[in-house]
Amino acid sequence: MNTSTSRRNFLKGAAATGAVLMVGVTPKGVLAAGHAGLASLTPFVKIDEAGTVTAVLKHFDMGQGASTGLATLIAEELGISLDEIEIEFAPHNPQVYNNLFFGPVQGTGGSTAIANSFMQYRQAGAAAREMIKAAAANAWGVAASELAIVDGVVTGAGQSAPMAEFVAAAADLAVPEDPSLTDPKDFRLIGNPTTHRKDNAPKITGQAQYAMDVHLDGQVVAVIKRPPKFGATVVSFDASAAEGMPGYKGAAALPTGGGVVVYADTTWQAFQAREELTVEWDFTNAETRSSDQIRDDMLAMVNSEPEFVARADEGTDAAMAGAAQVIEKEFYFPYLAHASMEVLNCTIRPDEDGGVTLFDGCQVPTLSAGALAQVLQMPMEKVRVETLWAGGSFGRRATSEVDYNVEAGLAFLLDGGQRPVKLMWSREDDTTGGYYRPAAAHKVRVGLDANGRIVAWQHQLATPSIFKGTFFAATQVVDGVDRSSVEGVPDTLYDIPKMTMGVSDFQSPITVAWLRSVGHNHTGYVMETMMDLAAEAAGVDPLEYRLSYLSGEGEERARMREAFQLAADTAGWGTPLPDGHARGIAGMFCFNTAVAQVAEVSKDEDGYVQIEKFSAGVDVGLAVNPDVVEAQVQGGIGFALGFIMRDGIGFDEGEVIQSNFHDYEPLRVWDIKDIEVAIVPSAAPPSGIAEPPVPPAGPALANAIAALGTRVTMLPMAENGVDFV
Amino acid sequence: MATTITVNQTERSLISSEETPLLWVLRDELKLTGTKYGCGVAQCGACTVMLDGQPVRSCQVAIGDIAGSDVTTIEAVSGVEADAVRQAWVEMDVVQCGFCQSGQVVQAIGLLELNPEPTDGDIDTYMGGNVCRCATYVRVRKAIHRAAEILAA
Ligand code: FES
Ligand code: FES
């Protein structure tokens, strides 16, 4: 889908006929509807006189399927099939296109897209349905209650006509305040496992437009030479060797000291010219440690007094002193790059009114527009955002500083602000460019009584804080504890009688950000490894042992129990396996979703490990698109396994060692044979699914490999004693 | 002297210099942006196109070396294998972010042209160079088997 073209066509069409029914909400959240001519109306759905229905998507799509999900909600209520609805990404408008869980911020993250939109988009679709029915009822002189829309046709009271015929009249009617929503038992599309994604066709024909595909008349491409070590700054540079190279347009130092911009006509020319640049750097404040040192420093921190306290149950130390047995482990998780398939890039175009348009696979338009408004010194309203398909993100496109948008803004300013500037990163830039999943060290002591029951849990964590120093600190940091560092430990659903948790912030100029499931992607590994070790010490089946700690009250525990049971049933937990095969189990509750997984692995005679199969059980509330849920679980497991098996960003005296996919190795097709996903039937409101499948994958694998003899607590596995096929 | 190649059945006289990789000529000069940049060093397969009927990594091919050749990109790749692959990809809803999928589709077409009934092992070997950061691999595998089934029918 070419979003820009379709929007232009829409405006043209609207001007020609004036008859487009649009339904959205006012900034107060009240349903509103009317003609296209009402410039103030920013709809969720619009229907033109030809009957073309378009869902306007307030969330971007990085592959997680939000576009299909939002279109499903509208199509369900409107009474049309999923094939009959078009989609386009909404412009930036934090008053009406905000994420209802984020306040006045338009953005996607935290696996909230469907959860926050579920009622809103259904209501918009239902209001449009009721208005069209009312218009038809007027025309036919019958009661609207006798009519229904079936596959885009208004039928009832002996009449039948395409809904297109009533669009113009419907647009003149008052919007119903509280349109009746479809009874879940009558859902045709929501929860239907046979529906297909909306983005299949454009993505298998090369037609889908990503930010990287933007080419504007007169544009110049900008690439940036960034410091070789985090925290270094530019002293001076010499670009004379690039003079005269084809397409080369000049170079300029960023005012932040964060690099030197090189301009050229095309991407390749810009990459080539950048090679010729020499830069003198100031390393005074730079990170100069190597990875081993960084790891040792963090491990030393978890063996010292913590800076902050995340949980402090009274009597934990005494209970530990009385334990019959204590299991103690240290863990280390390296920095990780998100490595989305589409490297970071965006384009800024000057507009006639003195404002600009940002073309981006934009994850949080309000952050991007706000940051650019500051850089370009213009009101936020003058920064328009054109959202395109995003080639992945995993959180990288949503850093609180929106670093790459800011870089593009600076490059645009330095170029004079008169022509479009397209900022391109190379894969090497993307791998070395920071905003990594923070490295983390954990030390855990679990005390058991003589029956193998947990009496005390002492947990120490050292990691760089993601939220401190950002806009989000006010809500995400409590008593010095960054919630995203510890999540999954002090708030565990396991009924641990006594727990203490201390946290220390590791300080470094290495930039960090959330990566798919944020803190859970390391805390989950630790929790589920320790639970396995405790079960083993107790001599109890690891599934049974976990369930015994989830037997308490609460809906979340009940959902987690069901997910575990479903994963176990799907995997045939407890049934015999061939020689050399083993299973491991793990689960986690996060983003209001319960996911449990069973890994089955094998080891050949030479000691090489193959992942045979993953089986997952998930409770995501009502699965709006079960097939998309399944795909997210498969993809989340694969994404996690890639880094658990092989990845880590390492440093040599502060310089990032890895540069591209040859040394930051993604999962490959041969790495895993099958992933089976079972979804807990549920009528509860939908939660999220993009992130929750990530945390259990690593520990499920680790627990399976441990069953074959090797317990891994230092990651990645391939560098710590596990040879994969 | 300008390099001339045939792209999607049209002869194109190129202004890019001879050492420019085909990938960047397709994307930046010819605006055929369906072919994607993922790594630039033959490690990901996002840039895969058909060169004289064979899938190649367009980031590794300098246009000066392929003067007179025939290039087909994702926008135009066609034939029974292409139809079967696309049908299977839709049936299995393979795509997620989609950024690797141009390359996956072209490579899968190449596989089926060579071997209409690939085993899992064949798929591992032939598709192993195509990275998908969204990890759609399980469905890529199933869709290739499904495409083989469609071809056999
Ligand atoms: S871009 Fe050519 S193989 Fe990755
Ligand atoms: S679908 Fe996103 S990289 Fe393959």
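Because the structure is a prediction, the values reported are computed rather than measured.

What follows covers the domain arrangement of chain A. A common way to state how big an interface is: give the accessible area lost once the parts meet. All names here are of chain A. Splitting chain A by domain gives domain 1 (15-205), domain 2 (212-284 + 344-424) and domain 3 (291-336 + 436-724). Taking only C-alpha atoms into account, the centre of domain 2 sits 37 Å from that of domain 3. Residue-level contacts link 10 residues of domain 2 with 16 residues of domain 3. Across the interface of domain 2 and domain 3, roughly 1,100 Å² is buried in total on both sides, 68% from carbon and sulfur atoms. In terms of surface lost to domain 3, no three residues of domain 2 exceed Lys229, Phe230 and Phe394, which account for 58% of the buried area on that side. The tally of links from domain 2 across to domain 3 stands at four residue pairs in polar contact (both at pLDDT 80 or more). Taken together, the residues of the side of domain 2 that touches domain 3 sort by class into five nonpolar, four polar and one charged.

All names here are of chain A. With respect to the helices and strands, Arg646 occurs in helix H17 (residues 626-646). Reaching out from Arg646, the side chain makes a polar contact with the backbone oxygen of Pro666 at a distance of 3.2 Å. For Arg646, the side chain forms a polar contact with the side chain of Asp671, separated by 2.5 Å. Residues in contact with Arg646, not counting those within four places in the same chain, are Glu665, Pro666, Leu667, Arg668, Asp671, Pro716, Ala718 and Glu719.

Before going further, it helps to spend a moment on the packing of aromatic side chains. All names here are of chain A. A complete count under the given rule lists 22 aromatic pairs over all chains for this structure. Taken together, the aromatic side chains of Phe230, Tyr335, Tyr436 and Phe651 make up a single cluster linked through ring pairs. Lying over the aromatic face of Trp425, Arg226 brings its terminal NZ or CZ to 3.9 Å of the ring centre.

The subject of this paragraph is the pattern of salt bridges. Under the counting rule described, the total for this entry stands at 47 salt bridges over all chains. Put simply, Lys142 of chain B and Asp674 of chain A hold a salt bridge, and the shortest N to O gap is 3.6 Å. You can see Lys142 of chain B sitting in helix H5 (residues 137-152) and its partner Asp674 of chain A sitting in strand E30 (residues 672-679), one on each of two chains. With a relative accessible area of 38%, Lys142 of chain B lands in the partly exposed category. Three or more residues are tied together by salt bridges with common partners; here these are Glu77, Arg122, Arg129, Glu130 and Lys133 of chain A.

Before going further, it helps to examine the layout of surface pockets. Residue and element names in this part refer to chain A. Of the voids in this model, the second largest pocket is the one considered here, and its volume is about 1,200 Å³. For the second largest pocket, the lining is made up of 47 residues, of which Lys225, Arg226, Pro227, Asp429 and Thr432 are closest to its centre. Of all elements in the fold, only strand E9 (220-225), helix H6 (267-275), helix H10 (403-414), helix H11 (427-432) and strand E29 (655-656) reach the threshold of two or more residues within the lining of the second largest pocket. Per element, the largest residue contribution to the lining of the second largest pocket is five residues, and it comes from H6. Of the residues that constitute the lining of the second largest pocket, the class distribution is 22 nonpolar, 14 polar and 11 charged.

Let's shift gears to the UniProt feature "domain: Aldehyde oxidase/xanthine dehydrogenase a/b hammerhead" (unreviewed entry) in chain A. The residues that UniProt annotates with the feature "domain: Aldehyde oxidase/xanthine dehydrogenase a/b hammerhead" (unreviewed entry) are residues 205-285 of chain A. The annotated region residues 205-285 of chain A carries 11% helix and 35% strand content, and the separation between its end C-alpha atoms amounts to 48 Å.

This part covers helix H9 (residues 365-376) of chain A. Residues and elements named next belong to chain A. Taking 1.5 Å per residue as the helical rise, H9 with its 12 residues ought to reach 16 Å, and the 16 Å between its terminal C-alpha atoms agrees with that figure. Tucked inside the fold, the buried residues of H9 contact strand E16 (345-350), strand E17 (356-360), strand E18 (383-387) and H10. Of the residues trailing H9, Gln377 is marked for its positive phi of about 50 degrees.

This next bit is on the packing of helix H4 (residues 120-127) of chain B against H5 of chain B. All names here are of chain B. Viewed as axis vectors pointing N to C, H4 and H5 meet at an angle of 115 degrees, and their least axial separation amounts to 11 Å. Pair H4 / H5 crosses with right-handed handedness. Here Asp120, Ile123, Asp124 and Met127 of H4 come into contact with H5, specifically with Val140, Arg141, Ile144 and His145. Classifying every residue of the contact of H4 with H5 by side-chain character gives four nonpolar, one polar and three charged.

Okay, the domain arrangement of chain B next. Residue and element names in this part refer to chain B. Taken domain by domain, chain B holds domain 1 (3-72) and domain 2 (80-152). Once you take the C-alpha centre of each, domain 1 and domain 2 turn out to be 21 Å apart. When domain 1 packs against domain 2, close to 960 Å² is buried across both sides, 54% of that on carbon and sulfur atoms. Linking domain 1 with domain 2 are zero salt bridges, by the criterion used here. Summed over the shared surface of domain 1 and domain 2, the number is four residue pairs in polar contact (both at pLDDT 80 or more).

Okay, the pairing of strand E21 (residues 454-463) of chain A next. All names here are of chain A. In terms of residue burial, E21 counts as a mostly covered element, since nine of its 10 residues are buried. The sheet contact formed by strand E20 (residues 440-448) and E21 spans eight bridges and is antiparallel. Paired with Arg445 across the bridge in E21 is Gln458. Taking the residues that link successive antiparallel strands as the turn, the E20-E21 hairpin has five residues, and the phi of Gly452 there is positive, at about 80 degrees.

Tyr335, Phe614, Leu701 and Met717 of chain A together with Trp89 of chain B are the most contacted members of the largest nonpolar core, which totals 260 residues. Broken down by element, the residue count for this core peaks at 12 residues, all from helix H3 (residues 113-140) of chain A. Apart from the residues within four sequence positions on either side, Phe614 of chain A is in contact with Gln597, Val598, Ala599, Ile637, Leu641, Ile672, Asp674, Ile675, Glu676, Ala697, Ala700 and Leu701 of chain A.

Glancing now at the environment of Asp674 of chain A. Owing to a relative accessible area of 26%, Asp674 of chain A belongs among the partly exposed residues under this scheme. Asp674 of chain A sits 61 residues away from Lys613 of chain A along the chain, and the two C-alpha atoms are 4.8 Å apart. Once residues within four sequence positions are removed from consideration, Asp674 of chain A is found in contact with Glu612, Lys613 and Phe614 of chain A together with Val138 and Lys142 of chain B.

Between chain B and chain A, the residue contacts involve 49 residues of the former and 58 residues of the latter. Between chain B and chain A the total buried area reaches about 4,500 Å² when both faces are included, carbon and sulfur atoms providing 58% of it. Summed over the shared surface of chain B and chain A, the result is five salt bridges. Close ionic contact of Asp627 of chain A with Arg139 of chain B constitutes a salt bridge, the shortest N to O distance being 3.1 Å. On inspection of chain B and its partner chain A, the count reaches 32 residue pairs in polar contact (both at pLDDT 80 or more). Mapped onto the side of chain B that touches chain A, the elements with two or more residues apiece are helix H1 (22-29), helix H2 (80-91), helix H3 (101-114), H4 and H5 of chain B. Tallying contributions element by element places H5 of chain B first for the side of chain B that touches chain A, with five residues.

Criteria and thresholds
Residues numbered from 1 in each chain as written. Chains lettered and ligands numbered in written order. Predicted model: local features only at pLDDT ≥ 70, side-chain atom pairs only at ≥ 80, totals over all residues. Heavy atoms only, no water. Domains from an automatic or database assignment. Contact = heavy atoms within 4.5 Å. Buried area = accessible area lost by both parts, 1.4 Å probe. Polar contact = N/O pair within 3.5 Å; in protein donor to acceptor, adjacent residues only side chain to side chain. Nonpolar A, V, L, I, M, F, W, Y, C, P; charged D, E, K, R; others polar. Helix = DSSP H or I, 4+ residues; strand = E, 2+ residues; numbered from the N terminus. Phe/Tyr/Trp six-rings, centres within 6.5 Å; stacked < 30°, edge-to-face > 60°. Lys NZ or Arg CZ within 6 Å of the ring centre and 35° of its normal. Salt bridge = Lys/Arg side-chain N within 4 Å of Asp/Glu carboxyl O. Buried < 20%, exposed > 50% of the residue type's maximum accessible area, 1.4 Å probe, protein only. 1 Å grid on protein atoms, 1.4 Å probe; cavity = no way out; pocket = protein on both sides within 12 Å on 5 of 7 lines; lining within 4 Å. Points joined across faces, edges and corners; volume = space filled by probe spheres on them. UniProt positions renumbered as here; feature names shortened; annotations may be inferred. Expected span 1.5 Å × (residues − 1). Axes fitted to C-alpha atoms, helices over the stretch in contact; angles between N-to-C directions. Left-handed = near helix turned anticlockwise from the far one by under 90°. Pairing = 2+ DSSP bridges. Core = buried A, V, L, I, M, F, W, Y, C linked by side-chain atoms within 4.5 Å.

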